[in-house]
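Descriptive analysis of the structure
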Amino acid sequence: MKIILMRHGQAGDYTHPDSARQLTDFGHSQAAQTADYIIGNYQPDYFVVSPYVRAQQTLKQLQAIAPKIPVTIQDNITPGDDARAALAALSRIEAECLIVVCHMSIIAHIASLLTGISPESFALAEARVFEMDFVMSGMATEIDRFVPEQP
């Protein structure tokens, strides 16, 4: 199975609440670049997204190309959430190619749990592809990475 972790595109200035921040025009462009790459190279069968607006807007770029793929909003993949709990919830989803759209720093910690390697920051709208037989800490290998245009 594959898990593709994707960080949201560039967001505007901080708002209160943080969950309401929206993508900039450039952020939409970044998300579209990454969506084109993912859908052009992989066959996702399930989307999981954070409830935050900027992640939802990033997901819409994927859905514009692949509108029939089911989506789950997962409440525990926001910036300050616990990566172990998030990975446990992700492991219960049955999919061959799962795309997860969320945020720093949880995305780096989920990637770290999957591979057993120290956390590494994701660029805006970056996607990393991990392959594994089943979802469990230390069982994945990173097989691909895409970084769109950066500011």
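The structure this text deals with has already been given above.
The notes below deal with the structure included here. Computed from a prediction, not measured in an experiment: that's the story for all the values here.

Another point: the packing of helix H1 (residues 25-41) against helix H2 (residues 53-65). Put simply, H1 and H2 touch, their axes get as near as 8 Å, and they point 40° apart. Here H1 is positioned oblique relative to H2, judged by the angle of their axes. Along this stretch, H1 crosses H2, giving a crossing that reads as right-handed. Facing His28, Ala31, Ala32, Ala35, Asp36, Ile38 and Ile39 of H1, the residues of H2 in contact are Gln57, Thr58, Gln61, Leu62 and Ile65. Of the residues contributing to the contact of H1 with H2, the split by class is 7 nonpolar, 4 polar and 1 charged.

Attention now moves to the environment of Ala83. Structurally, Ala83 is set in helix H3 (residues 83-91). Residues Ala83 and Ser112, 29 residues apart in the sequence, show an inter-C-alpha distance of 9.2 Å. Setting aside residues up to four positions removed in sequence, Ala83 forms contacts with Ile106, His109, Ile110 and Leu113.

Let us look at the pattern of salt bridges. Across all of its chains, the model carries 8 salt bridges by this definition. Between Arg21 and Asp18 there is a salt bridge, and its shortest N-O distance comes to 3.5 Å. For Arg21, a relative accessible area of 18% puts it in the buried group. Look at Asp18 and you get buried, because its relative accessible area is 19%. Two residues, Arg145 and Glu142, come together in a salt bridge whose shortest N-O distance is 2.7 Å.

With that settled, the discussion passes to the nonpolar core. Ranked by size, the top nonpolar core spans 26 residues in total, and within it Ile3, Leu5, Val48, Leu98, Val100, Ile110 and Leu114 carry the most contacts. Mapped onto this core, the elements with two or more residues apiece are strand E1 (2-7), strand E2 (46-49), H3, strand E4 (97-102) and helix H4 (106-115). Examining the composition of this core, we find that 7 residues originate from one element, H4, more than from any other. Listed in part, the 18 residues of the second largest apolar core include Phe47, Leu59, Cys97 and Ala127.

So, about the pairing of E2. Residue alternation in E2 divides its side chains into two sets, Tyr46 and Val48 and Phe47 and Val49, and both sets are buried. With 4 bridges connecting them, E2 and E4 associate as parallel partners. The residue bridging Val48 from the neighbouring strand is Val100, located in E4. By the bridge criterion, 3 bridges tie E2 to strand E3 (residues 71-73) in an arrangement that is parallel. Paired with Phe47 across the two strands is Val71, which belongs to E3. After leaving E2, the chain enters H2 and then returns to the sheet as E3, a path that is right-handed.

What counts, and where the lines are drawn
Residues numbered from 1 in each chain as written. Predicted model: local features only at pLDDT ≥ 70, side-chain atom pairs only at ≥ 80, totals over all residues. Heavy atoms only, no water. Axes fitted to C-alpha atoms, helices over the stretch in contact; angles between N-to-C directions. Helix = DSSP H or I, 4+ residues; strand = E, 2+ residues; numbered from the N terminus. Parallel < 35°, antiparallel > 145°, perpendicular 65-115°, else oblique. Left-handed = near helix turned anticlockwise from the far one by under 90°. Contact = heavy atoms within 4.5 Å. Nonpolar A, V, L, I, M, F, W, Y, C, P; charged D, E, K, R; others polar. Salt bridge = Lys/Arg side-chain N within 4 Å of Asp/Glu carboxyl O. Buried < 20%, exposed > 50% of the residue type's maximum accessible area, 1.4 Å probe, protein only. Core = buried A, V, L, I, M, F, W, Y, C linked by side-chain atoms within 4.5 Å. Pairing = 2+ DSSP bridges. Right-handed = clockwise from strand over helix to strand, strands pointing away.

Treat this as a map of the structure, not an account of what it does.
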